[in-house]
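Inside the fold
Single-letter residue listing:
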Amino acid sequence: MKIKSNTRIVEPSSPKKQGLIPRRDFLKYLGGGVLIIFTPLEACKNMAEPVRATRSLPKDFNAFLHISEDGIVTCFTGKIEMGQGTITALAQMMADELDVSIENVKMVMGDTALCPWDEGTWGSLSVREFGPKMREAAAEARAVLIRMASEQLKVPLARLTVSNGIVTDKLDNSKAIGYAQLAKGKKIEKHLNEKPKVKEPSEFKIIGKPYNRTDSALKVTGEAKYAGDIKIPGMMFARIVRSPSYGASLISADTTEAEKIPGIQVVRDNDLVALLHLSRDKVDEAIVKVKAEFSQIEMSVTDKTVIDHYLKSATKGNIINSKGDIAAGLKLSDKIIDSEFYDGYVAHSPMEPHTAAAMIDGDIITVWVSAQTPFLTRDAIAEKLNMPAEKVRVIVPFVGGGFGGKADNPQAVEAARITKLSGKPVMLAYTREEEFFYDTLRPAGLNRVKSGIDKDGKISFWDFSVYCAGDRGSDTIYDVPHQKTTVFDQGENDPQVHPFAIGPWRAPGNSNNTHAREMQICLMAAKAGMDPMEFRIRNLKDEKMIAVLEAVADKFGYSPGKGPSGRGYGIACGTDVDTWVALMAEVKVDKNTGHIQVVRVSCAQDMGMCVNPQGTLLQIEGCITMGMGYALTEELQFEGTKMITQNFDTYEIPRFSWVPEINAVILDRMDQPPHGGGEPAIICMGGVIASAVFDATGATLYHMPITPARMLEALKKV
Amino acid sequence: MKETITFQLNGKKTEALIDPTETLLWALRNQFGLTGTKFGCGMGFCGSCTVLIDNEPVRSCQLSAGDIAGKKVVTIEGLATDGKLHPVQKAFVEHDALQCGYCTPGMIMNATGLLLKNPSPTTEQIKEGMEDNLCRCGAHVRIIEAVYTAAKEMKGGK
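The next point concerns the overall build of chain B. From N to C terminus, chain B includes five helices and five strands. What you see for chain B is a C-alpha radius of gyration of 15 Å, in line with the 15 Å of a compact globule of 158 residues. Classification of the 158 residues of chain B by burial places 58% in the buried group. Taking contacts inside chain B between residues at least 6 apart in sequence as the whole, the part at least 24 apart equals 57%. On chain B, roughly 6200 Å² of surface is accessible, and the fraction owed to carbon and sulfur atoms is 50%. The positive charge centre, built from 17 side chains, and the negative charge centre, built from 17, are 4 Å apart in chain B.

Put into structure tokens, the structure is as follows:
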């Protein structure tokens, strides 16, 4: 039995001179004046999700809503709007449950002084976790308001009906009273001991219907305010003296030359040296005049050697899933495939860099932040400034894209420190270079997959290993008698894995794992001489997965064909945030240039109850478009602790010419609870493109992104 | 040194005492309060700061305030007239051609400039004309449709 193994693509000469700094030593360097947020490997395990909070939402429904005297329902949520569309979906849920029109629902989001405590906007939790609790609150408010109407109108409860916020006697419609007159703009004091049920899906009028975004009128006119648009009288623009490399600590900063620019103010506090000016240009001009000295640390790993580095740094394997016996599976196998799959470090690069505006008034600090985590950001500010949390107010206006990268907000703490030290209102907006440097990157990925097929085209065993990039989405999903999943992390004495901070990137870990699994399936189907769709169906028992695969095949107009068929068709499927998703794509490969054009992509998704099919469609399109980036071009370049990538000239994100035809089908599952919608489709983009490239050319691409150079290299081996 | 420059800003004759070397983007945002024009990359790569100067879409992060003397400047705030959205703005709303909205003003200004030059673009010409405006949320497919729709409406209006 011959085991085929692909060649690992790494630089042949890994620099070894400096050696890697053992983790303990590395951390020693990090005492005192460290300017960066440093995430040691331990955080890698939790990277899939920020630490789940234990606090629960308030019991009093007034925390979620307020009804004004003119009948406007203000809905309060600690969630924020960063493009994902919960501003619309949550308003739909509130309006439907309360029986008011959606036009009368106003959203107040991410203001720690006004909104109920919230763990943050990540993990597609807004609709699936906050939404149902908000509906319960709205249902109770509605029931209380009807009771109040019953008393005032002197009509029995059973005879009352509600529409558009007006409670009416079914037998005599002259007897009616609005929520506005009942609530009178005040807190509703009455509560129910027995909580009323939320609406059944059959009663929905607004949930499940497609609604256009409710924020677009503000966004097309420039009226929508982001953190950088906040204007405070006397506000000064801040720039901070930044370290040239990760983990470096400031030794000294000579600001003499910078201070020669009239109007420059310097703020110093241990590791923090900041310049302030009323003009952004002047502070930009001044910051480059600062002569700063840092004690830097060195690591020899680069983007070219990271895979070798992973193997040296992650020697501790934990088996997280085991069934049957791999050795027994090997014996059952007719064919065996042994592969390694790689993914590069990827940036979030939202169009809006991390930004914060801060002011101090008396003993209250207010900070407007481009954050996914208003309450955690508030707590971080309070902790750093040694202030009680209630003296810190964080307000999150519209956020210009997050994708996980704005879960972490060092700029908010920095702005708060500077405003406290200077007494001046401050605007701190990262440059694009700072944005790339301080981003909590999606880690590079390495997956080793060894699997077998028996004579009947069934998967006989599955041995899947995940290195350092998170295990979300590493589920086998296929029905395999002998299977094992091992997660490799940094061992006690292993070198430090990542030179910089890593963090959650839209469906963290799942893009890597799904890419590896689905590409392996593509190769197995080809080896078995089977159509990849038929191979999947034969090896699946999960009815939901079969359903999304069949739905996407129908939408795509798929016809069976053994790979490589020359048609350029790819398939990938998986699960994320309790949603089942399958994609099909068609690509064209230019064999002379190595350029890949994605022609069309279809998606089918089972996400349980879909609150806003239109918003979901936008998220699917966004996932597909954004996902082309990590599949085709996005890969950060770094040399040890120095980030080489600084702007969009060398970090290429998807553009208009890339855009495929996209269509999608959302399975009708209105009887089920809602699941996540903002992340699932992106997990399949690596696998669907790599398998489509294989189908087009017969070339196997193991390494994301599939750059033209990698494509041409792989074509040589066909 | 500050200088008085005269130019047209969003349809109004404007005289302002400004530092002519100040970056146009910061002058628009901080001096004129027109914060619809966004900072994205500071190097002219992303297009978030696009405005029209004499009907030409330009990157305001790459220009100085002095460059607009005697010129006609239109920012996103100046596109709607008499409270009525410009056809490009309207089409962006109708098509849901945005998500986070941060690149949107630049997209709309660039598309408006494109349609001024080519009132009947093909889909390919729209892609080509919009190519250097970046969007991270992936609203591209809808932006293309919106620009196409706006072109049709603008022609119909003539």
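On we go.
The subject of this paragraph is the domain arrangement of chain A. Residues and elements named next belong to chain A. Structurally, chain A comprises domain 1 (23–221), domain 2 (227–296 + 354–429) and domain 3 (306–345 + 441–716). Its C-alpha centre places domain 1 at a distance of 32 Å from the equivalent point of domain 2. Contacts between the two partners involve 31 residues from domain 1, matched on the other side by 30 residues from domain 2. In total, about 2300 Å² of surface goes out of reach between domain 1 and domain 2, with carbon and sulfur atoms giving 62% of it.

On to the pairing of strand β21 (residues 482–489) of chain A. All names here are of chain A. For β21, the buried fraction is high: seven of the eight residues fall into the buried class. For strand β13 (residues 316–323) and β21, the ladder comprises seven bridges, and the chain directions are antiparallel. By the bridge assignment, Lys 323 is partnered in β21 with Gln 483. When strand β20 (residues 459–467) meets β21, the two strands line up parallel, connected through seven bridges. Bridge pairing in β21 places Tyr 467 opposite Phe 488.

All names here are of chain A. With respect to the helices and strands, His 66 occurs in strand β2 (residues 65–67). The exposure class of His 66 is partly exposed, given its relative accessible area of 27%. Of the polar contacts made by the side chain of His 66, one reaches the backbone oxygen of Gly 185; its length is 2.8 Å.

Let us now look at the interface of chain A and chain B. Contact residues are listed per partner, giving 60 residues for chain A and 49 residues for chain B. Taken together, the two surfaces of chain A and chain B that pack against each other cover about 4300 Å², and 56% of this comes from carbon and sulfur. For the chain A face of the interface with chain B, the top three residues by lost area are Val 220, Met 351 and Phe 656 of chain A, together amounting to 21%. There are five salt bridges connecting chain A and chain B. For Asp 229 of chain A, the salt bridge is made with Lys 38 of chain B, and the minimal N-O distance between the two is 2.4 Å. Here chain A and chain B share 31 residue pairs in polar contact (both at pLDDT 80 or more) between them. Elements represented by at least two residues in the side of chain A that touches chain B include exactly α6 (216–221), α8 (280–287), α13 (432–438) and α17 (613–632) of chain A. Element by element, the count of residues in the side of chain A that touches chain B is highest for α17 of chain A, at eight residues.

A separate point is helix α16 (residues 543–556) of chain A. Residues spaced three or four apart along an α-helix face the same direction, because each turn holds 3.6 residues. All names here are of chain A. Given a rise of 1.5 Å per residue, 14 residues ought to cover 20 Å, and the 20 Å separating the end C-alpha atoms of α16 matches this to within 8%. Taken together, the buried positions of α16 are occupied by Met 545, Ile 546, Val 548, Leu 549, Ala 551, Val 552, Ala 553 and Phe 556. Residues of α16 that are buried sit in contact with α15 (532–538), β22 (569–576), β23 (579–589), β24 (596–606) and β27 (661–666). Where α16 begins, the side chain of Asp 542 points an oxygen toward the backbone nitrogen of Lys 544, at a separation of 3.0 Å. With its phi angle positive at about 75 degrees, Gly 557 sits one or two positions after the end of α16.

A few words on the packing of aromatic side chains. Residues and elements named next belong to chain A. Here the structure, examined in full by the defined rule, presents 21 aromatic pairs over all chains. Note on Tyr 345 and Phe 500: the rings are 4.8 Å apart at their centroids and 85 degrees apart in plane angle, and the pair reads as edge-to-face. Within this pair, whereas Tyr 345 is found in the loop between β14 (335–343) and β15 (355–361), its partner Phe 500 is found in the loop between β21 and α14 (510–528), the two being separated by 155 residues in sequence. With relative accessibility at 2%, the residue Tyr 345 sits in the buried group. Between Phe 556 and Tyr 569, the aromatic rings sit 5.0 Å apart at their centres with planes inclined by 85 degrees, giving edge-to-face as the arrangement.

A separate point is the sheet that holds β23 of chain A. Residue and element names in this part refer to chain A. Strand order in the open sheet formed by four strands is β22-β23-β24-β27, and the pairing between neighbours is mixed. Sheet topology places β22 and β27 at the edges, where each strand pairs with a single neighbour. Averaged over all neighbouring strand pairs, the angle between strand axes comes to 15 degrees, with direction disregarded. Bridging between β23 and β24 involves ten bridges; their strand directions are antiparallel. Within β24, the position partnered with Ala 582 by the bridge is Ala 604.

All names here are of chain B. A sheet is described by the order of its strands in space; here five strands give the open sequence β2-β1-β5-β3-β4, paired in mixed fashion. In the strand order of this sheet, the two ends are held by β2 (12–18) and β4 (56–59), each with one partner. Strand-to-strand twist of the sheet, defined as the mean angle between neighbouring strand axes without regard to direction, takes the value 40 degrees. Where strand β1 (residues 3–9) meets β2, seven bridges bridge the pair, whose relative direction is antiparallel.

Scoring rules and cut-offs
Residues numbered from 1 in each chain as written. Chains lettered and ligands numbered in written order. Predicted model: local features only at pLDDT ≥ 70, side-chain atom pairs only at ≥ 80, totals over all residues. Heavy atoms only, no water. Helix = DSSP H or I, 4+ residues; strand = E, 2+ residues; numbered from the N terminus. Rg over C-alpha atoms; globule rule 2.2 N^0.38 Å. Buried < 20%, exposed > 50% of the residue type's maximum accessible area, 1.4 Å probe, protein only. Contact = heavy atoms within 4.5 Å. Areas by Shrake-Rupley, 256 points an atom, 1.4 Å probe, with all protein chains shown as cover. Lys, Arg positive; Asp, Glu negative; His and termini not counted. Charge placed at Lys NZ, Arg CZ, Asp CG, Glu CD. Domains from an automatic or database assignment. Buried area = accessible area lost by both parts, 1.4 Å probe. Pairing = 2+ DSSP bridges. Polar contact = N/O pair within 3.5 Å; in protein donor to acceptor, adjacent residues only side chain to side chain. Salt bridge = Lys/Arg side-chain N within 4 Å of Asp/Glu carboxyl O. Expected span 1.5 Å × (residues − 1). Phe/Tyr/Trp six-rings, centres within 6.5 Å; stacked < 30°, edge-to-face > 60°. Axes fitted to C-alpha atoms, helices over the stretch in contact; angles between N-to-C directions.

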